[in-house]
Structures are given as structure tokens and as C-alpha cells.
Amino acid sequence: MTEPLVKAKGIARYFDVSPPLLNRLIEGSKRQVVKAVDGVDFEIERGQTLSLVGESGCGKSTIARLVVGLYEPTGGSIEFEGVDLTALDNRKEEAKLRGRMQMIFQDPYASLNPRWRVQDIVAEPIRHKKMFDTRAEVTSRVGELLSQVGLSPADGEKYPHEFSGGQRQRISIARALASNPEFLVCDEPTSALDVSVQAQILNLMKDLQRKFGLTYLFISHDLAVVDHVSDRIGVMYLGRICELADTRELFSNPRHPYSRFLLDAIPDLDMTGKQRIPVAGEVPSPINPPSGCTFHPRCPFANDRCKSEQPELRDVDGTQVACHGVEENRLEPTG
Amino acid sequence: MSTSKQQPLLEVRNLRVEFPTRRGSLIAVDGVSMEIAPGEVLGVVGESGAGKSMTGNAVIGLLPSPGRVESGEILLEGERIDNLPYEQMRKIRGKRIGAIFQDPLTSLNPLYTVGEQLVETIQTHLDLSEKGAKDRAVDLLEEVGIPSARERIDHYPHQFSGGMRQRVVIALALCAEPRLIIADEPTTALDVSIQAQIITLIKKLCREHGTAVMLVTHDMGVIAETADRVAVMYAGRIAEIGPVAEVVKNANHPYTHGLMGSIPKVGHEVERLTQIDGSMPRLTEIPTGCAFNPRCTEKGPRCMVERPILEPVENSFVACWKFDPEGTGA
Ligand SMILES: Nc1ncnc2c1ncn2[C@@H]1O[C@H](COP(=O)(O)OP(=O)(O)OP(=O)(O)O)[C@@H](O)[C@H]1O
Ligand SMILES: Nc1ncnc2c1ncn2[C@@H]1O[C@H](COP(=O)(O)OP(=O)(O)OP(=O)(O)O)[C@@H](O)[C@H]1O
Ligand code: SF4
Ligand code: SF4
Ligand SMILES: [Mg+2]
Ligand SMILES: [Mg+2]
């Protein structure tokens, strides 16, 4: 087996969200820490796509930001081609490695500079990397990128506010692709797009992967999209990965009780009248996570061990699952 | 619901929204008419850039400049609201119309905590004490699925995840119990289980308070479960409007047909997704005749010259010459 392109080892990121010191003194309120990501391991092979799925607030975007270096990790390490990015003290070396990755942000509004024309926004990474010598080459590359995402080269003259939500998201995709990155972190890249433009973008991403061997870390709440694009999927719950499996395997044989819930909640397009089963119970808070397995308050298989001991990811037939019930072989098989 | 003869809660008649630009006028919404009955959810779907958000923004009276309502009428419970002075419209917004914007950040002020913003909105529209308003705010946050709402209410928007911010915006829109909700992509950043929770909440409001909802989304799963009727938009126009089951399962219009075919489905292994070839025309360069004609595989000579009008097909209305007795011929 070749060395994975990206390797995250025990990464964690905590946020201090305590009330200001004065309130803590007067009201006696306590320090509050959100453990947004709390000990996550994964590897992504070159040319492959790993997707992260899980409830809103479970830490997906935080992982994305950690991987591209927008957040400092509280703990753990992130390796790119075997180089630990978190330990690099050579600025130049780090900039060079980081230049080979790009990120598409969940919020396309916040990530586009409102005072720049679209052509300058898209050209920025190209200029930064000094990929072309002449202005004409840059312009033609920008035009090509805009066409690839279903906009027109002439749209380059406009400002971001002149575009609809989905059009802005496509501008941020064009910018991310501009510098021919090898590794792309995509946080909900198609969530603002109608399905026909989404199909166009997903096809483009797959074509680039086939042609240039791009590697993706992909985040989406749409399980059908995830099913379509991923080789492997990590299911997250409250800052941790609870199941890491090959795509086929996860969809045909989900092992973790939370994965099973998630798949049961897929919307019903055939309108058979089947009611979606929302995951029962309260969404727990990352400020006061439940003891033991953090899923235990919502899990029909929870027992005393689950309430006290946190399960670790363990190998089960090539899939990694963090669940005592699976380990003890006492869950009902999936139907 | 759509067959009852009661007065529609919202009526949009022949709405046209334009953006004057350096290179001529851009027509973002072109002759759109729709009605929503009390308790009804009208889904609005269509190509990115088709004018869904601008239709919603026109109803709320918040078109981004230089956009303006060029012609048409908008009526809320029988009263015209498209020509009201700013102050009067501002009172209607929030109280009688709740808006959930596509971009959660436009509705949230980064300098105030989530709680401060909710309490202020609640106190503007409802007669409640500070304490009462805060309790209501906490209840609302819990209803939209924010864990530890009592603690998190004192946090700032940037301390929330994308989907949590979106839910705060939903709570803000619902807090004054409006008659009409304009929800623009309310569930895009939400996972399926929270989505189900929000949909249940919206449906409950419709059932119990007769709230009418215009639900703009590209998520067909959400449409299938929530909407009573659906309008499909393309290049500023309505291509098809009808009962949800008919539009989703037996799309009539060739564009709707392509749209439904592009949806990825769990467990269907395909190398490439079906896409509709080409892209939507720029709104300053809409072709004559049918706006979909450059991409349509069923077009005829008539489609190139004459603009199709909405005509009844089964229980829907469809703008396509294919369904006209004279067909797509010259
Ligand atoms: N401020 C503006 N100036 C000029 N044109 C604009 C402006 N705002 C929007 N438009 C144009 O109006 C058209 C309709 O935009 P709208 O936001 O209604 O699209 P939409 O259907 O909501 O798309 P999406 O699904 O991508 O959100 C778009 O093609 C856009 O380019
Ligand atoms: N800058 C921050 N300060 C404080 N808390 C934060 C910050 N960023 C994220 N969090 C918290 O960390 C948790 C994880 O957030 P994250 O944005 O990673 O979630 P997510 O899985 O991407 O969710 P979504 O699907 O809603 O986008 C949330 O509880 C969030 O409130
Ligand atoms: S460890 Fe226990 S509580 Fe957690 S998912 Fe497994 S069975 Fe359920
Ligand atoms: S009117 Fe003609 S071009 Fe337009 S959708 Fe119908 S067949 Fe196609
Ligand atoms: Mg996120
Ligand atoms: Mg929109």
C-alpha cells in the first residue's frame, strides 16, 4: 500500500466559550469549553475521496479548517505526504505544502471579497502561484474556469453581490480549482445548488479526479451525494468518528447504531408516504457531553458499560466502529 | 387545500423584477403569478439564478438595489403591499411576514449575542417582558434543535456551526408567529434529522395557525415531504406549477423532467450523474420564444419565436408548446 496523502492522528480542537470574566465573578457562571473535535483519526489515499457526515454541529467544518491550517489544533497531528503540518516551523516549506491544497467554504457569502470583481477573485490563487506569465493567459484560464462551473466568462466583470446564492457558490468552486490543487477540502460544496447544476459540478469534480488524481475531503449532509462521490465515509458524532467504512459497505451494512439512524432518516423521494424517522432524543451538547459513549442517551442498545466507558474505534471486518454493542456482538442485524 | 375557495393569503400577479445594468436591463423575474392559501406550503424550485430568491425578496419588500418591481401586484390577505411606504412595510415584515434568508449572515448581527437578537425581535412584535421574551427565545431555540439552548443563547453567531446559525435564523423568523413565511433555502446546511425536525415544525405552524409558506429550496426530498404544490422556475419565469405529487413524479415540462433526472439517489451506482446539457441563458440575453429552447431536446419551430404561456395540463399548469393543441410546429 502506498503512503496516504493525508493522515490525521488524534486531532482535537477545543473552543473556550466562557462568559466574560466579570460575569463569571458576579454570576458565578463556570468556564465553558466546546470540544468541537475530540480525537479524530483518518487517512486519505491519493486520488480518493473521504467524506464526513453527521449531525449539524458535530465538528465537520472544524476538521476541514484544521486540515487546511485555518485553525491550530488543540492536540494531534496532520500529515501531508508524511510531513507533519502542525510541527513545521519553516514558513516557506509550509506555504509551499499549503499551496497544494484548497478549500471550498460552507458559506460562499463570507468567503468572497465583496469589493473584488469575480475575475480577480478567481485569478487570485493563479497570480499567487505565478502560474502564467501574461495577463491574457490568466484571463483565458479564468474564463475557462467560469465556463466549467456553468457561468459565463463575461460574468467575470461583475461583483459577487450581483449573483444568486448558487452562482456565488460556483464562483468559490472556480476559485478553489484555479490553482490546480492536488488536495481539495470541500465543505458542503453543492448545498446551495439546484440538482442539475449540482450534477454538473459533481461530474466535473469526478472528471478532475480521474484525469489529475485529485484527492478530496468532502463534507455534505446529503447522503445521496456522499454515496455518489466517496470511496470511504467517516460518520461523526459529537466531535468523534463513530464509524469509518467503505461507501458500499456503509450503505449496505451500517454497523454503528447512529449510522443506522442516519440512513433511516434519508428523505423519501418516491413519496411512498413513508414517514422519515428522525433520530430520537435530544441532540447532546458538546459543552456537557454525556459520559461514556456520547450516543448512549439516544441509543436503544445502551447498557451500563456504554454509560461509563468511551468506546474506541476498532476494526470489524475492514470497517472501523466505535461501539461496545458491536464489539460484544449484541446488536440486532440490520434488516 | 388548493381547491378551497377561501381568499389566498398571498397573491402574486404578473410580477416583474428588473435590475438596470450597464448593458441593459436584467429581468430577474418575468411575469410570475402565484397564490398561496392559508395553511398551504408552496415549494419553489428551479435552476440556480432563475429568480426564486428575487421573487421572495419582492414579496418581503427587500430587493437588493438596484433591483425594483417593474410591474405586477403583490397582495397579502387581499391588501396590496408592493406599493407601501418603507416604514409601513417594515412593520409588516417580522410581524405578518417572517423571512428566512438564504444567507444566514445577513439576518444576524455579529456584534450581538444570539439571545440579544432574539429578545429584541420578540419584544418588537410581542408584548412580553425581558424575562418572558428570553424564555420564549430559549423555547424556540430548543424547538429548532439547538442543544443546551439556555447556555448557548449567550454566544455570538460566529461561535455557532453553519447549520446552527441557519436554525437561529429560522427561530428569528418564527418568533412573532407571522401569517406568511418566506423561507429561502431554510434547510440547505442541515443534516437529514434536523431537516426533519424543522419540516415538522413548519408543518405544525401551517396546521395549527393556518400559516402560509413559500418554501424556496433545491432539495426535492424536502419539497416532496413538505410542499402541497410546487412552482418550477426557469430564467425568471414559471415553467410549471401544480400539485407536488404530479410535478415530482410525472413532470410535464421538459426542464422539470431534466431536473428530476439529475437527482442522485442512494444506492444507484452511476459513474456520472445525468445533467441537462448547456446552462441557463444569461438574463440579459434570454432567447426569443421559450427560454428553455437552447437546451430542449423536444423543441419545434414555434418554440423559437413564440413564448409559451401557462396552460392547464392534468391538475397542473405548464408553459410548454408540447401541450398546446397546435404543438411545437410553426
Ligand atoms: N444585485 C444584483 N445585481 C444584478 N443582478 C442580480 C443582483 N442580484 C441578483 N441578480 C440576478 O438575478 C437573478 C435571479 O437571482 P435569484 O437570487 O433570484 O436566483 P435564485 O433562483 O434564488 O438562485 P439560487 O438558487 O442560486 O439562489 C440571477 O441570475 C442574478 O444574477
Ligand atoms: N469559532 C468558534 N468558537 C466557538 N465555538 C465554535 C467555533 N466554531 C465552531 N464552534 C462549535 O463547535 C461545534 C462544531 O462546529 P462545526 O462548525 O465544526 O460543525 P459542523 O459539523 O460543520 O456543523 P454544520 O453541519 O452545522 O455546519 C459547534 O458546537 C460549534 O458551535
Ligand atoms: S457503545 Fe453502547 S450506547 Fe454507544 S452506540 Fe454502541 S451500543 Fe449504543
Ligand atoms: S416550449 Fe418548446 S422549447 Fe420550450 S420546453 Fe416546450 S418543447 Fe421545449
Ligand atoms: Mg459546517
Ligand atoms: Mg436564491
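Residues numbered from 1 in each chain as written. Chains lettered and ligands numbered in written order. Predicted model: local features only at pLDDT ≥ 70, side-chain atom pairs only at ≥ 80, totals over all residues. Heavy atoms only, no water.

As for the overall build of chain B
Turning to step 1, where the next piece is worked out: Looking only at helices and strands, chain B features 12 helices and 12 strands.
Turning to step 2, where the next piece is worked out: Against the compact-globule benchmark of 20 Å for 330 residues, chain B has a radius of gyration of 21 Å, which places it among compact chains.
Turning to step 3, where the next piece is worked out: Overall size of chain B, expressed as C-alpha extent along the three principal axes, is 70 × 50 × 45 Å.
Turning to step 4, where the next piece is worked out: Within the span of chain B, comprising 330 residues, buried residues form 58% of the whole.
Turning to step 5, where the next piece is worked out: In chain B, the proportion of contacts linking residues at least 24 apart, taken out of those at least 6 apart, comes to 64%.
Turning to step 6, where the next piece is worked out: Measuring between centres, the 35 positive side-chain charges of chain B sit 3 Å from its 43 negative side-chain charges. (Helix = DSSP H or I, 4+ residues; strand = E, 2+ residues; numbered from the N terminus. Rg over C-alpha atoms; globule rule 2.2 N^0.38 Å. Buried < 20%, exposed > 50% of the residue type's maximum accessible area, 1.4 Å probe, protein only. Contact = heavy atoms within 4.5 Å. Lys, Arg positive; Asp, Glu negative; His and termini not counted. Charge placed at Lys NZ, Arg CZ, Asp CG, Glu CD.)

A look at the site of ligand 3
Turning to step 1, where the next piece is worked out: Surrounding ligand 3, one finds 14 residues, the nearest of these being A:Cys293, A:Cys299, A:Cys306, A:Cys323 and A:His324.
Turning to step 2, where the next piece is worked out: Here the shell around ligand 3 is built from residues that sort into 9 nonpolar, 4 polar and 1 charged. (Near = heavy atom within 4 Å. Nonpolar A, V, L, I, M, F, W, Y, C, P; charged D, E, K, R; others polar.)

Focus on the packing of helix α4 (residues 114-125) of chain B against helix α7 (residues 162-174) of chain B
Residue and element names in this part refer to chain B.
Turning to step 1, where the next piece is worked out: Interhelical geometry of α4 versus α7 gives an angle of 15° and a closest axis separation of 9 Å. Between α4 and α7, the angle is such that the two are roughly parallel. Note on packing geometry: the crossing formed by α4 with α7 is right-handed. Listed contacts from α7 to Val114, Gln117, Leu118 and Thr121 of α4 are Val168, Ala171 and Leu172.
Turning to step 2, where the next piece is worked out: Residues belonging to the contact of α4 with α7 are distributed by class as follows: 5 nonpolar, 2 polar and no charged. (Axes fitted to C-alpha atoms, helices over the stretch in contact; angles between N-to-C directions. Parallel < 35°, antiparallel > 145°, perpendicular 65-115°, else oblique. Left-handed = near helix turned anticlockwise from the far one by under 90°.)

Concerning the nonpolar core
Turning to step 1, where the next piece is worked out: Counting residues in hydrophobic clusters, the biggest one holds 101 residues, and the most contacted among them are B:Leu10, B:Met34, B:Val59, B:Ile97, B:Leu141, B:Leu180 and B:Met214.
Turning to step 2, where the next piece is worked out: Setting aside residues up to four positions removed in sequence, B:Leu141 forms contacts with B:Val114, B:Leu118, B:Ile146, B:Ala149, B:Ile153, B:Val168 and B:Ala171.
Turning to step 3, where the next piece is worked out: If you look at the next biggest cluster of nonpolar residues, it comprises 36 residues, including A:Ile121, A:Cys186, A:Ile201 and A:Phe218. (Core = buried A, V, L, I, M, F, W, Y, C linked by side-chain atoms within 4.5 Å.)

Description of the coordination of the magnesium ion (ligand 5)
Residue and element names in this part refer to chain A.
Turning to step 1, where the next piece is worked out: All of the protein donors around the magnesium ion (ligand 5) are Ser61 (OG) and Gln106 (OE1); their distances to the metal are 1.9 to 2.2 Å. With serine 61 in helix α2 (residues 60-67) and glutamine 106 in the loop between β6 (101-104) and α4 (118-128), the pair connects residues that are 45 residues apart, well separated along the chain.
Turning to step 2, where the next piece is worked out: Here glutamine 106 falls in the buried class, since its relative accessible area comes to 18%. (Donors = N, O, S within 2.8 Å, 3.2 Å for Na, K, Ca; no water.)

Some remarks on the side chain of A:Arg240
Residue and element names in this part refer to chain A.
Turning to step 1, where the next piece is worked out: Mapped onto the secondary structure, arginine 240 falls in strand β10 (residues 240-246).
Turning to step 2, where the next piece is worked out: Its relative accessible area of 17% is what places arginine 240 among the buried residues.
Turning to step 3, where the next piece is worked out: Within the structure, arginine 240 has its side chain in polar contact with the backbone oxygen of aspartate 38 (distance 3.3 Å).
Turning to step 4, where the next piece is worked out: Aside from chain neighbours lying at most four places away, what touches arginine 240 is Asp38, Val40, Val235, Gln310, Pro311 and Glu312. (Polar contact = N/O pair within 3.5 Å; in protein donor to acceptor, adjacent residues only side chain to side chain.)

Looking at the site of ligand 4
Turning to step 1, where the next piece is worked out: For ligand 4, the set of nearby residues contains 13 residues, the closest of which are B:Cys290, B:Cys296, B:Cys303, B:Cys320 and B:Trp321.
Turning to step 2, where the next piece is worked out: Of the residues contributing to the shell around ligand 4, the split by class is 8 nonpolar, 3 polar and 2 charged.

Some remarks on the environment of A:Ala245
Residues and elements named next belong to chain A.
Turning to step 1, where the next piece is worked out: Examined against the element boundaries, alanine 245 turns out to sit in strand β10.
Turning to step 2, where the next piece is worked out: The class of alanine 245 is buried, set by a relative accessible area of 0%.
Turning to step 3, where the next piece is worked out: In contact with alanine 245, other than residues within four places in its own chain, are Arg232, Ile233, Leu250 and Thr319.

So, α4(A)
Turning to step 1, where the next piece is worked out: Inspection of α4(A) places A:Val118, A:Ile121, A:Val122, A:Ala123, A:Pro125 and A:Ile126 among the buried residues, and these make up the whole buried set.
Turning to step 2, where the next piece is worked out: On the buried face of α4(A), the contacting elements are β6, α5 (135-148) and α6 (165-178) of chain A.

Some remarks on the packing of α6(A) against helix α7 (residues 195-212) of chain A
Residue and element names in this part refer to chain A.
Turning to step 1, where the next piece is worked out: At their nearest, the axes of α6 and α7 sit 12 Å apart, and the two run at 10° to each other. Considered as vectors, α6 and α7 are oriented roughly parallel to each other. Contact residues: α6 offers Arg170, Ile173 and Leu177, while α7 offers Val197, Ile201, Leu204 and Leu208.
Turning to step 2, where the next piece is worked out: Across the contact of α6 with α7, the residue classes break down as 6 nonpolar, no polar and 1 charged.

Examining the confidence of the model for chain B
Turning to step 1, where the next piece is worked out: Averaged over chain B, the pLDDT score is 90; the fraction of residues at 70 or greater is 98%.
Turning to step 2, where the next piece is worked out: Across chain B, the element-wise mean pLDDT spans from 74 in helix α3 (residues 104-107) of chain B up to 97 in strand β10 (residues 237-243) of chain B. (pLDDT = per-residue confidence, 0-100.)

Some thoughts on the packing of aromatic side chains
All names here are of chain B.
Turning to step 1, where the next piece is worked out: Inspection of every chain in the model, using the stated rule, returns 9 aromatic pairs over all chains.
Turning to step 2, where the next piece is worked out: Plain terms: the ring middles of tyrosine 234 and tyrosine 255 are 4.7 Å apart, the flat faces sit at 50° to each other, and that makes the pair tilted. In this pair, tyrosine 234 is assigned in strand β9 (residues 229-234) and tyrosine 255 in helix α11 (residues 254-261), connecting sequence segments 21 residues apart. Each member of the pair tyrosine 234 and tyrosine 255 is classed as buried.
Turning to step 3, where the next piece is worked out: Ring plane angle 85° and centroid distance 5.1 Å describe the contact between tyrosine 234 and phenylalanine 292, whose orientation is recorded as edge-to-face. Linking tyrosine 234 in strand β9 with phenylalanine 292 in the loop between α11 and α12 (301-305), this pair joins segments that are 58 residues apart in sequence. (Phe/Tyr/Trp six-rings, centres within 6.5 Å; stacked < 30°, edge-to-face > 60°.)

Observations concerning the pattern of salt bridges
Turning to step 1, where the next piece is worked out: By the definition in use, this model includes 48 salt bridges over all chains.
Turning to step 2, where the next piece is worked out: A:Arg31 is the salt-bridge partner of A:Asp16, the closest N and O atoms lying 2.5 Å from each other. On the criterion of sequence distance, the pair formed by A:Asp16 in strand β1 (residues 6-16) and A:Arg31 in the loop between α1 (21-27) and β2 (33-44) is long-range, its members being 15 residues apart.
Turning to step 3, where the next piece is worked out: In this structure A:Asp16 comes out as partly exposed when scored by relative accessible area, which is 46%.
Turning to step 4, where the next piece is worked out: Classification of A:Arg31 by relative accessible area gives exposed; the value is 52%.
Turning to step 5, where the next piece is worked out: Put simply, B:Arg282 and A:Asp155 hold a salt bridge, and the shortest N to O gap is 2.3 Å. (Salt bridge = Lys/Arg side-chain N within 4 Å of Asp/Glu carboxyl O.)

Comments concerning helix α8 (residues 192-209) of chain B
All names here are of chain B.
Turning to step 1, where the next piece is worked out: A rise of 1.5 Å per residue sets the reference length of α8, with its 18 residues, at 26 Å; its end C-alpha atoms lie 25 Å apart and thus fit the reference within 8%.
Turning to step 2, where the next piece is worked out: Looking at α8, one finds that the buried residues are Val192, Ser193, Ile194, Gln195, Ala196, Ile198, Ile199, Leu201, Ile202, Leu205 and Cys206.
Turning to step 3, where the next piece is worked out: Remark: glycine 210 follows α8 within two positions and exhibits a positive phi of approximately 65°. (Expected span 1.5 Å × (residues − 1).)

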